[in-house]
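# Reading the structure
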Amino acid sequence: MRVGVLTGGGDCPGLNAVMRGVVRKGTQEYGYDFVGFRNGWRGPLTGDTMPLDISAVRGILPRGGTILGSSRTNPFKEADGVRRIKATLAKEEVDALITIGGEDTLGVATRLSGEFGIPCVGVPKTIDNDLSATDYTFGFDTAVGVATEAIDRLHTTAESHMRVLVVEVMGRHAGWIALHSGLAGGANVILIPEQRFDVGQVCGWIDARFKVRYAPIVVIAEGAMPKDGQMVLKDGSTDSFGHVRLSGVGEWLAKEIERRTGKEARTTVLGHTQRGGTPSAFDRWLATRFGLHAIDAVRDGDFGKMVALRGTDIVRVPIEEATAKLKTVDPALYAEAGVFFG
Ligand code: F6P
């Protein structure tokens, strides 16, 4: 049995830990061979491979990023995409493909296994934690840790200058990072894409905070939107899955706050620091277990499935379940945080 592995979409701390789990168990216990496809779906499209044996995965457990490289290539947007992927898999004598990715990469895997008979097993990753069918994706805990540390640090500088500090975190359609880091970091306002915000109300919370002689921290997800406005885009560009580039809502909000309250406001955009660097212990644990269970699914011939965390168990679910519906923040959960606003 020869197994191909690829990592697609935005990178995420823990990708290497998954590969290590897959390759160690697959080689040691099942005697399988592996080949790595470089840069997401571009690897099987162009035949770009690298060796993936035990020596290739030694020492990579704590390393961020992905040794295979990643991309947002969409094979269904490429001329002759499916035929080219099939040809590469045949040439490389690959019997099964483990695809580690988020909504887009797994969406491609769903179609390739369902419509075109390519034996795929999925592993869910995204720092955004917005995949349904799994309680958590790896990478999320690390991103929340980075954002929480930043908020902790911003409290003291905000108070020294009695300024408003707006912290923009990732989260295109789901506010999980904003909600978890905002609660953990003691933010005074948390704004998420799931619920449009009222700038007047935000300014009210800011004024209230200054009255108790502390400077407010506002955590805002990049996809959050004002009640009477639009998503703030970085520029007009889109990737091959049609996603627009975000970032800028934090800066926009800081200007509005200054204009309406007369208080000085600054913005910190955490951006890719949330995705880079070493995975947290939780993410290493989850990613490793996903890897071990993904290779078990291959051994069982259980294709078209994705490994998922349910409580503390790793289970297998149809890949399309992961991508059918975005997992967004429940309004009741968001409302819980409201007691700390202002
Ligand atoms: O992985 C998803 C994500 O973290 C989104 O929250 C964000 O909009 C996007 O990645 C940005 O990724 P990139 O800069 O690589 O396009």
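Predicted, not measured: the structure shown is a model, and the values here were computed from it.

## Overview of the overall build of the protein chain
When helices and strands are tallied, the protein chain shows 12 helices and 13 strands. Taken against the 2.2 N^0.38 rule, which gives 20 Å for 342 residues, the C-alpha radius of gyration of the protein chain at 21 Å falls within 12% of a compact globule. With the C-alpha coordinates of the protein chain rotated into their principal frame, the extents come out at 70 × 40 × 30 Å. When the 342 residues of the protein chain are sorted by exposure, 55% land in the buried category. Across the protein chain, contacts joining residues at least 24 apart in sequence account for 76% of those joining residues at least 6 apart. Accessible surface, the protein chain as shown: approximately 13900 Å² in total, 49% of it carbon and sulfur. Treating the 40 positive side-chain charges of the protein chain as one cloud and the 41 negative ones as another, the clouds have centres 3 Å apart.

## Brief notes about the nonpolar core
Among the nonpolar cores identified, the biggest contains 83 residues, and Ile-98, Phe-138 and Leu-191 are the most heavily contacted of them. The element best represented in this core is helix H6 (residues 140-161), accounting for eight residues. By size, the runner-up hydrophobic cluster in this structure holds 23 residues, among which are Val-35, Leu-45, Leu-89 and Met-306.

## Comments concerning the layout of surface pockets
Roughly 710 Å³ of volume is contained in the largest pocket. Taken together, 33 residues make up the lining of the largest pocket; nearest its centre are Arg-72, Met-170, Arg-172, Glu-222 and Arg-275. Elements that contribute at least two residues to the lining of the largest pocket include exactly helix H5 (103-114), strand S6 (164-169), strand S9 (233-238) and strand S10 (244-246). Looking at the lining of the largest pocket residue by residue, the class counts come to seven nonpolar, 12 polar and 14 charged. The computed volume of the second largest pocket comes to approximately 150 Å³. Around the second largest pocket, the lining residues are Leu-191, Gln-195, Arg-196, Phe-197, Asp-198, Gln-201, Trp-205, Lys-227, Tyr-334, Ala-335, Gly-338 and Phe-341. Of the residues in the lining of the second largest pocket, the class split is six nonpolar, three polar and three charged.

## Some details on the sheet that holds strand S4 (residues 96-101)
Strands sit in the order S3-S2-S1-S4-S5-S12-S13 across an open sheet of seven strands; the sheet is mixed. Of all the strands in the sheet, just strand S3 (49-51) and strand S13 (313-318) have a single pairing partner and so form its edges. Across the sheet, the mean angle from the axis of one strand to that of its neighbour is 30 degrees, orientation sign disregarded. Along the sheet face, H5 touches strand S1 (2-7), S4, strand S5 (120-124) and strand S12 (305-310) and points at about 160 degrees away from the line of S5.

## A short note on the UniProt feature "binding site: diphosphate" (unreviewed entry) in the protein chain
This chain's UniProt record puts "binding site: diphosphate" (unreviewed entry) on Gly-10. Here Gly-10 shows up in the loop between S1 and helix H1 (15-30). When its relative accessible area of 8% is taken as the criterion, Gly-10 is described as buried. What Gly-10 contacts, discounting residues up to four positions off in sequence, is Arg-72, Lys-125 and Arg-275.

## Here we look at the sheet that holds strand S7 (residues 189-191)
With parallel pairing, four strands are arranged side by side in an open sheet as S7-S8-S6-S11. Strands at the two margins of the open sheet, each flanked by one partner only, are S7 and strand S11 (265-269). Neighbour-to-neighbour, the strand axes of the sheet open up by a mean angle of 20 degrees, direction not taken into account. Bridge analysis of S6 against S11 gives five bridges, and the strand direction is parallel. Among the inter-strand pairings, Val-166 is bridged to a residue of S11, identified as Thr-267.

## Here we look at helix H8 (residues 199-211)
Taking 1.5 Å per residue, 13 residues should reach 18 Å; H8 reaches 19 Å between its end C-alpha atoms and fits that length. Those residues of H8 lying buried are Val-199, Val-202, Cys-203, Trp-205, Ile-206, Arg-209 and Phe-210. Take H8 and look down its axis: the buried residues cluster within an arc of 155 degrees, on one side only. Elements that come into contact with the buried residues of H8 comprise H6, S6, S7, strand S8 (217-221) and helix H9 (249-261). The backbone nitrogen of Gly-200 has a side-chain oxygen 2.9 Å away, supplied by the residue at the start of H8, namely Asp-198.

## Quick word on the pattern of salt bridges
Counted according to the given criterion, the structure contains 16 salt bridges. For Asp-300, the salt bridge is made with Arg-316, and the minimal N-O distance between the two is 2.8 Å. You can see Asp-300 sitting in the loop between helix H10 (281-299) and S12 and its partner Arg-316 sitting in strand S13, a full 16 residues away along the chain. Classification of Asp-300 as partly exposed rests on a relative accessible area of 40%. Here Arg-316 falls in the partly exposed class, since its relative accessible area comes to 31%. Its salt-bridge partner being Asp-302, residue Lys-305 comes within 2.9 Å of it at the nearest N-O pair. Given a relative accessible area of 23%, Lys-305 falls into the partly exposed group.

Definitions and cut-offs
- Residues numbered from 1 in each chain as written.
- Predicted model: local features only at pLDDT ≥ 70, side-chain atom pairs only at ≥ 80, totals over all residues.
- Heavy atoms only, no water.
- Helix = DSSP H or I, 4+ residues; strand = E, 2+ residues; numbered from the N terminus.
- Rg over C-alpha atoms; globule rule 2.2 N^0.38 Å.
- Buried < 20%, exposed > 50% of the residue type's maximum accessible area, 1.4 Å probe, protein only.
- Contact = heavy atoms within 4.5 Å.
- Areas by Shrake-Rupley, 256 points an atom, 1.4 Å probe, with all protein chains shown as cover.
- Lys, Arg positive; Asp, Glu negative; His and termini not counted.
- Charge placed at Lys NZ, Arg CZ, Asp CG, Glu CD.
- Core = buried A, V, L, I, M, F, W, Y, C linked by side-chain atoms within 4.5 Å.
- 1 Å grid on protein atoms, 1.4 Å probe; cavity = no way out; pocket = protein on both sides within 12 Å on 5 of 7 lines; lining within 4 Å.
- Points joined across faces, edges and corners; volume = space filled by probe spheres on them.
- Nonpolar A, V, L, I, M, F, W, Y, C, P; charged D, E, K, R; others polar.
- Pairing = 2+ DSSP bridges.
- Axes fitted to C-alpha atoms, helices over the stretch in contact; angles between N-to-C directions.
- UniProt positions renumbered as here; feature names shortened; annotations may be inferred.
- Expected span 1.5 Å × (residues − 1).
- Arc of directions from axis to C-beta.
- Polar contact = N/O pair within 3.5 Å; in protein donor to acceptor, adjacent residues only side chain to side chain.
- Salt bridge = Lys/Arg side-chain N within 4 Å of Asp/Glu carboxyl O.

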